[in-house]
Structure formats: structure tokens, C-alpha cells
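# Observations on the three-dimensional arrangement
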Amino acid sequence: MNKTVIKGLTCLAVPAVILLFPTPQGLSTDAWRLFAFYIGAIVGLVLRPLPEPVVLLTALAGISLLFNKTGIALAGFSSPTSWLVFSAFLVGQCFIDTGLGRRIAFMLIDRMGQTSLRLGYAAALTDLILSPATPSNTARSGALVFPIFQSVVVTLDSHPGETANRIGSYMMLALFQISLVTSTLFITANAVHGLTIAFAKNILHLDITWMQWAMAMLPPGLILLAIIPWLIYKLQPPTITTIDNKVIAAKGLKELGPMTFKEKMLAFLFVLATIGWATGSITKIDSTAVAIGFITLCLITGVVSWSSLLKSHGAWSTLIWYAGILSFADALSKAKFFDWLGKLIGSTVNFTEMNQTVVLLGILFISIIVRYFFASSAAYVSSFIPVLMSIGVAAQLPSMMLALLLGVSSMMGSLLTHYGNGAAPILFGAGYVNQATWWKTGHIVAILGIFVYLIIGLPLWRIMGIL
């Protein structure tokens, strides 16, 4: 029996075993059934016997066929959050198709890349500019930014092995750390933030807008982003210090040719979309409406074709599994499962005698340390964030602070290993950095990141009136 079959049977066995147990006191039968299938889906996301969309479709099919709950199974597909993430994926595809993403990178290399350190900052700025429009750092950093800067590294005669330290090791480490920091800054910079916000709504009864998230994350996040290239430069100093950036940029821009109408129109529409997201609290226009409108205008103006968007497999796959998770989250919330879980935790652990700061630090520590066991941010957020938020409710922690810091930790925890995030296998797999160095650097940056958000972020959030 091969591994895939064993994993698949395990995913089916988990909900079956749970359903053999009687429904816990205080919980409805429907809630218990939903929980069983939800846990089966989470196990599927962790073990991956099949692609994530297939795992979630299987779980939703089980709910629909066995318990006649089709409406519950499909509820997530009507969620604005699902369509915001889906639309943002398509926006990222527009940047790839038109070549605007590559042009931005080469323009920044031309302006900033005179030294290895400045090249690191050029990479950071490139990733930052693209982050609001690409809710997958695998696509943004792994598929768009990485190939450009890898070509620069190769041009400078840095290859895996003896010449890795010329500049390749520095750039691979910097690109990954940068990627997870920019992923923290916007709801649309990483798909799992939508899940965090959905759980915050269902468990903490808290609505967080695109602008609220950005206002909270940007000040400490930009400080951290300013530190990362320099810090990696000190931890993994490249032997090359100066770069003939003008020649490299000129070659890249020559290959792209003059800026096209599609690129100009995309840049214009992206600025409008960013303004729309930033002013949503004033205009009362939903972030999802802005994203869908952006894609519609891209199609109408010919920036991108419908056939091209159909080829964006990441967008369509994410829509399926993402909406599936939201369906479960919404159904469990309506069935009062999270209320029951919070009361259960509160009755088991006496938080009244505990200092809230200690409880918060304990939650953050758990949120980081468990990431050794997850090869997917989605699996972690889907399975652990509800539990950690329920603990926070039982301990009466401030809801907004808890939600934001868990959003931060979901990204910082991905830094610990070379498998904890989709971009990691791409950048680590380039072969420039050994595992020990990768893990050591990730741990240092993860600790620094949490420290910056706690020491700088929390006071700023109070001053800004976010908390």
C-alpha cells in the first residue's frame, strides 16, 4: 500500500472515529458532525494525499451527501473574503502577463543596485510594491521576484557550491525573509490573512478592514523591512560588494522593450485599486468590490485576456480550498462551536489568576513553536488559529490585539524552517544555503519580528486608536 493511499485512508478515518464518540454536552449534533469533517479536512491539508482543493471538495461532498447540508458546504463561496483573495491572485497574474512586475524590478536595480546591500533593498522594495496585489508569496517572491534576482546572481558568477557566498547565499536568505515580512503588511499580501479575519469575525466578533490591517501592520513592518537586508548582510556577508547594476538593468529592460499600453494601464488601475482599498472606510466601497472592479477593468481595457486568467491555476485552486475552509468556519460559528470551545477552555484553565501579558506571550510562543510540524501556512491557520483565539477569548484578551498579533505570528512562524511556506522550497531549493544556516537565520528574524511588533507595534496601535 503506497503512502498516498495510507494518507487518504487516515483522512477518512479521522472524522469516522470522531463520529463514533457521543456528542459532547453543550454541543449540538450538527456542530459535532461539522467538527469531525473539519478535522478530517485539516488532516488532509497537513498530509496532502491529494491537492488542497480536492481535499476540501471531498470534505464538502461528505457534508452534502451524508448529512444533506449542501447550503452549509457552499456558504464559503458567497463570502466576500473568498472573492477578494481570488481577485488579488488574478491581479498578480496581470503583473506577470504584462511584464510590469519584471520592469519594476529592473528599474529598481538600475536606481539602487550599485552594491550587494543596496541590491537587497531593491529586492525588498520590489516585493513591497507587488505585495498588495499578490496574495501568495510563492507566486510573488518565488515565481516573480526570485527568477529576476537569481539571474542577477548568476550574472555575477555566483552558483551553488564554492561560489555561493559571492552573493547568492545573501540574496536567497534576504529574499525569503523579505517575502514573509511583506506578506504581513496587507490582507491581500497573503491568502491566509483572509482566514484569520474570518476566524476573528466568527470567534472574536471583530470586523477588520483592509485599511485597518494595513495601518496597523505598515509602521512596524516597514521598520522590520528596513532592517532585514542589512541584518542578513551582517549574518551572511557576500564577498562581492560592488555591482555593475546599470549593465544588468539595461539588459533586462532591453529584453522587455518599451513600456506597453498594457503596462501603463495596469499601473494606472493598480494605483486606483490601492486608493480604493485605502479609502474604503470613507467611500464605504468594500475591498472585494474594488478588487473585482480592478479585474473587470483589466479585462475590458485588454490589459489581460480571459483565457490568460483561466490559466492562473493558483487563483482557481485557492478559491476552491479557501471557500471550503470558510464554509466550515461559518457553519461552526453558527452552530456555536467556537463559543462552546471557549467556555470549555475557560472552565479547564483558570485565567483569572494569570497575568494577561503572560497569557498573550504564551499564545504567541505556541503559535510560533508549532510551526515545526506544519508544511503549510493554510493548514496551520485553519487548525490552530481558532484554538488560539478561543484561548484568547477565555482569557479576555483584547480582540484586535490578539487578531493582529496572530496574523503576524502566522508569517513569522513560517521563517523557522525550509518547508514552512510555499516560497521556502523554491528559494532554499536553489542550493545556495545549507539547512543549518537557513534555520538559524529564520529563527533570528522570527524573534526579531515578534519583538518589533510587540515593542513598537503595540504602543503605536494604542496611539493610533487601533486598540
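Residues numbered from 1 in each chain as written. Predicted model: local features only at pLDDT ≥ 70, side-chain atom pairs only at ≥ 80, totals over all residues. Heavy atoms only, no water.

### A short note on the environment of Phe106
Positionally, Phe106 belongs in helix α6 (residues 100–112). Judged by relative accessible area, which is 4%, Phe106 ranks as buried. Contact partners of Phe106, with chain neighbours within four places excluded, come to Ile148, Ile248, Ala249, Gly252, Leu253 and Leu256. (Helix = DSSP H or I, 4+ residues; strand = E, 2+ residues; numbered from the N terminus. Buried < 20%, exposed > 50% of the residue type's maximum accessible area, 1.4 Å probe, protein only. Contact = heavy atoms within 4.5 Å.)

### Section: the packing of helix α9 (residues 168–185) against helix α21 (residues 399–412)
At a closest axis distance of 9 Å, the pairing of α9 and α21 adopts a crossing angle of 160°. One way to sum up the angle between α9 and α21 is to call them roughly antiparallel. Crossing handedness for the pair α9 and α21: right-handed. Counting all contacts with α9, which are made through Leu180, Val181, Ser183 and Thr184, the residues of α21 involved are Val408, Met411 and Met412. (Axes fitted to C-alpha atoms, helices over the stretch in contact; angles between N-to-C directions. Parallel < 35°, antiparallel > 145°, perpendicular 65-115°, else oblique. Left-handed = near helix turned anticlockwise from the far one by under 90°.)

### Description of the packing of aromatic side chains
Here the distance between the centres and the angle between the planes together describe a pair of aromatic rings. Counted under the stated rule, the structure contains 19 aromatic pairs. Taking 4.9 Å as the distance between ring centres and 20° as the angle between the ring planes, the aromatic pair formed by Phe35 and Phe337 counts as stacked. With Phe35 in helix α2 (residues 29–47) and Phe337 in helix α18 (residues 337–348), this residue pair connects regions lying 302 residues apart in the sequence. The same class applies to Phe35 and to Phe337, which are both buried. One aromatic cluster is present, built from ring pairs that chain together Trp32, Phe35, Phe199, Phe337, Phe338 and Trp340. A cation over an aromatic ring shows up here: Arg371 above the ring of Tyr380, its NZ or CZ 4.5 Å from the ring centre. (Phe/Tyr/Trp six-rings, centres within 6.5 Å; stacked < 30°, edge-to-face > 60°. Lys NZ or Arg CZ within 6 Å of the ring centre and 35° of its normal.)

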